[in-house]
Amino acid sequence: MSYIAPAGTPLGLADLAAGLHAGLFRDDADALAAKLACMTATARCWLTVSGRAAITTALRAMRGSADEERVEVVVPGYTCYSVAAAVVRAGLRPRVCDIDPETLDYDGNALRELDTTRVLAIASSNLYGIPNDLTALELYAAKRDIYLIDDAAQALGATFAGRPVGGFGEAGILSFEKGKNITTMEGGAIVTRNGMLAQRLDAAHAALPKSSAASAVRAWLKLPVYAAFFRPSLYGLICRLPFLGLGKTVYDPTFELARYPRALAGLALHLSGRLEALSGRRNANAADMRTALEDLPGVKLVRPHPLAAPAYTRLPCLLEAPAHRARILAALDRAGIGASASYPRALCDVPEVRAVLPPSDRELSGARFVAASILTLPIHPLCPANLAERVRDIIQRELSRG
Ligand SMILES: *Cc1c(COP(=O)(O)O)cnc(C)c1O
């Protein structure tokens, strides 16, 4: 049965051939770094094996220049678990701040009430490609003399107030994992325009081990498999194989810290040239999905900020009655539609994170509501034209069953 994957980047034979040729015969790492710095309107870029490794490396560089007391990093109450894991991996303590379910951005009141005296940095999330209010966050961080890490792992190509996401604050983070705006199976980057931090990042990046040749070979073996099975005609064959762990979210601070495999840089560079077209398709599909769901009682769309131009990776919506979510997901699954409940918990409810949080950070109602009620829908370029209507009909039918 045909099955639409939750998110991803279609890779054609021509993409793979161009990327493999470059990986074998050229070293595109410097050209890729220059391109990513340009795309985020920053000055410098360092490539890492993952977005997590990029966050940990950025934090190590920030730590070096800051006051000893500043050992906390504020992350949104609902974001990728890897962000909290990367903070722990850097030897720092995560703080979590509540979010506003209407926007998935930080809750302004919660931010204002936060005691930042021991905070080194705060991270944005820009989840699903929807930019946070990054101007406000930049101002917030500057006022308190803390670093802003603009996490564009899901938002490469998005802009806020005309500026590229990833280019706000002192450092931006990118990811090339599966399900991000472009993918080479793995990979990440740190970008900055701050000259002082750049010096420390040079040192922190130089201290990372080179990625092993085996890791590049592994990624290159997986890429054609990913390219083939991402297609709806084949995805149905693999999406239920439990050992692939597709869509599973785990908290793991023991991830590899290394540089990006140079043999993947050519593919990433090639795909960065396709990003605008990919984002155009995803955003058009997201607009159709929004139109189909906007008047559906019981479903609330996440509202992008008026100054934001998203680069959607999935379309998030919230169910007013979270108790119906499991049944809706099951019905969509039966229809071959890879919807997802995204991250299963608020970060304050991930046991390993909760254990290190101060009591003030342990009850986040906005983040908990989002974790319980979010549904993300596929909008990638291989979604069929009538998907939005099919999704609406299925959700409507399941909600009317009460
Ligand atoms: C994926 C992701 C990361 C981590 O990137 P990896 O390459 O998977 O380590 C960080 N932040 C957000 C918001 C993400 O979606």
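Above this text is the structure in question.
Everything in this summary refers to the structure shown in the same document. Since we're looking at a predicted model, the values are computed, not measured.

## A short note on helix 13 (residues 365-373)
Stage number 1. Listed in full, the buried residues belonging to helix 13 are Gly366, Ala367, Val370, Ala371 and Ser373.
Stage number 2. Contact partners of the buried residues in helix 13: strand 12 (315-319), helix 11 (325-334) and strand 13 (374-377).

## With respect to the site of the ligand
Stage number 1. Around the ligand there are 16 residues in total, and Gly51, Arg52, Asp151, Gln154 and Lys180 lie nearest to it.
Stage number 2. Between the ligand and the protein, one listed contact pairs an oxygen atom with a side-chain N or O atom of Arg52 at 2.6 Å.
Stage number 3. Contacts to the ligand include Asp151, whose side-chain N or O atom sits 2.6 Å from a nitrogen atom.
Stage number 4. For the ligand, whose unbound accessible area comes to 370 Å², protein coverage reaches 97%.
Stage number 5. Taken together, the residues that form the shell around the ligand break down as 5 nonpolar, 7 polar and 4 charged.

## Examining the packing of helix 1 (residues 13-25) against helix 8 (residues 213-229)
Stage number 1. Following both chains from N to C, one finds helix 1 and helix 8 inclined at 170 degrees, their axes separated by 11 Å at the closest point. Considered as vectors, helix 1 and helix 8 are oriented roughly antiparallel to each other. Here helix 1 contributes Leu16, Gly19 and Leu20 to the contact with helix 8, which in turn contributes Trp220, Leu223, Pro224 and Ala227.
Stage number 2. Among the residues making up the contact of helix 1 with helix 8, the classes are represented as 6 nonpolar, 1 polar and no charged.

## A look at the sheet that holds strand 8 (residues 171-175)
Stage number 1. Strands sit in the order 1-9-8-5-4-2-3 across an open sheet of 7 strands; the sheet is mixed. Whereas interior strands pair on both sides, the edge strands pair on one side only; in this sheet they are strand 1 (44-48) and strand 3 (93-97). Ignoring strand direction, the axes of neighbouring strands in this sheet form an average angle of 25 degrees.
Stage number 2. As paired elements, strand 1 and strand 9 (residues 188-192) share 5 bridges and run antiparallel to each other. Each bridged residue has a counterpart across the sheet, and for Thr48 the counterpart in strand 9 is Gly188.
Stage number 3. Of the strands in this sheet, strand 1, strand 8 and strand 9 are in contact with helix 2 (residues 29-39), which crosses strand 1 at around 125 degrees.

## As for the packing of aromatic side chains
Aromatic ring pairs: the centre-centre distance and the angle between the two ring planes describe each pair.
Stage number 1. One pass over the full model with this rule turns up 6 aromatic pairs.
Stage number 2. Summarising the aromatic geometry, the rings of Phe160 and Phe168 are spaced 6.3 Å apart at their centres and angled 75 degrees between planes, so their arrangement reads as edge-to-face.
Stage number 3. The exposure class assigned to Phe160 is buried, which follows from its relative accessible area of 0%.
Stage number 4. We note Arg89 situated over the ring of Phe255; from NZ or CZ to the ring centre the distance is 5.1 Å.
Stage number 5. The cationic tip of Arg163 hangs over the ring face of Phe168; the distance from NZ or CZ to the ring centre is 3.8 Å.

## What to know about helix 6 (residues 134-143)
Stage number 1. Burial in helix 6 covers these residues: Leu134, Leu137, Tyr140 and Ala141. Viewed end-on, helix 6 has its buried residues packed into an arc of 115 degrees, placing them on one side of the element. Helix 6 presents Leu139, Ala142 and Lys143 as exposed residues on the side facing more than 90 degrees away from its buried surface.
Stage number 2. Buried positions along helix 6 lie against helix 5 (108-113), strand 4 (119-123), strand 5 (147-151) and strand 6 (159-160).
Stage number 3. Trailing helix 6 by a residue or two, Asp145 shows a phi angle of about 60 degrees, which is positive.

Parameters and conventions
- Residues numbered from 1 in each chain as written.
- Predicted model: local features only at pLDDT ≥ 70, side-chain atom pairs only at ≥ 80, totals over all residues.
- Heavy atoms only, no water.
- Buried < 20%, exposed > 50% of the residue type's maximum accessible area, 1.4 Å probe, protein only.
- Helix = DSSP H or I, 4+ residues; strand = E, 2+ residues; numbered from the N terminus.
- Contact = heavy atoms within 4.5 Å.
- Near = heavy atom within 4 Å.
- Polar contact = N/O pair within 3.5 Å; in protein donor to acceptor, adjacent residues only side chain to side chain.
- Areas by Shrake-Rupley, 256 points an atom, 1.4 Å probe, with all protein chains shown as cover.
- Nonpolar A, V, L, I, M, F, W, Y, C, P; charged D, E, K, R; others polar.
- Axes fitted to C-alpha atoms, helices over the stretch in contact; angles between N-to-C directions.
- Parallel < 35°, antiparallel > 145°, perpendicular 65-115°, else oblique.
- Pairing = 2+ DSSP bridges.
- Phe/Tyr/Trp six-rings, centres within 6.5 Å; stacked < 30°, edge-to-face > 60°.
- Lys NZ or Arg CZ within 6 Å of the ring centre and 35° of its normal.
- Arc of directions from axis to C-beta.

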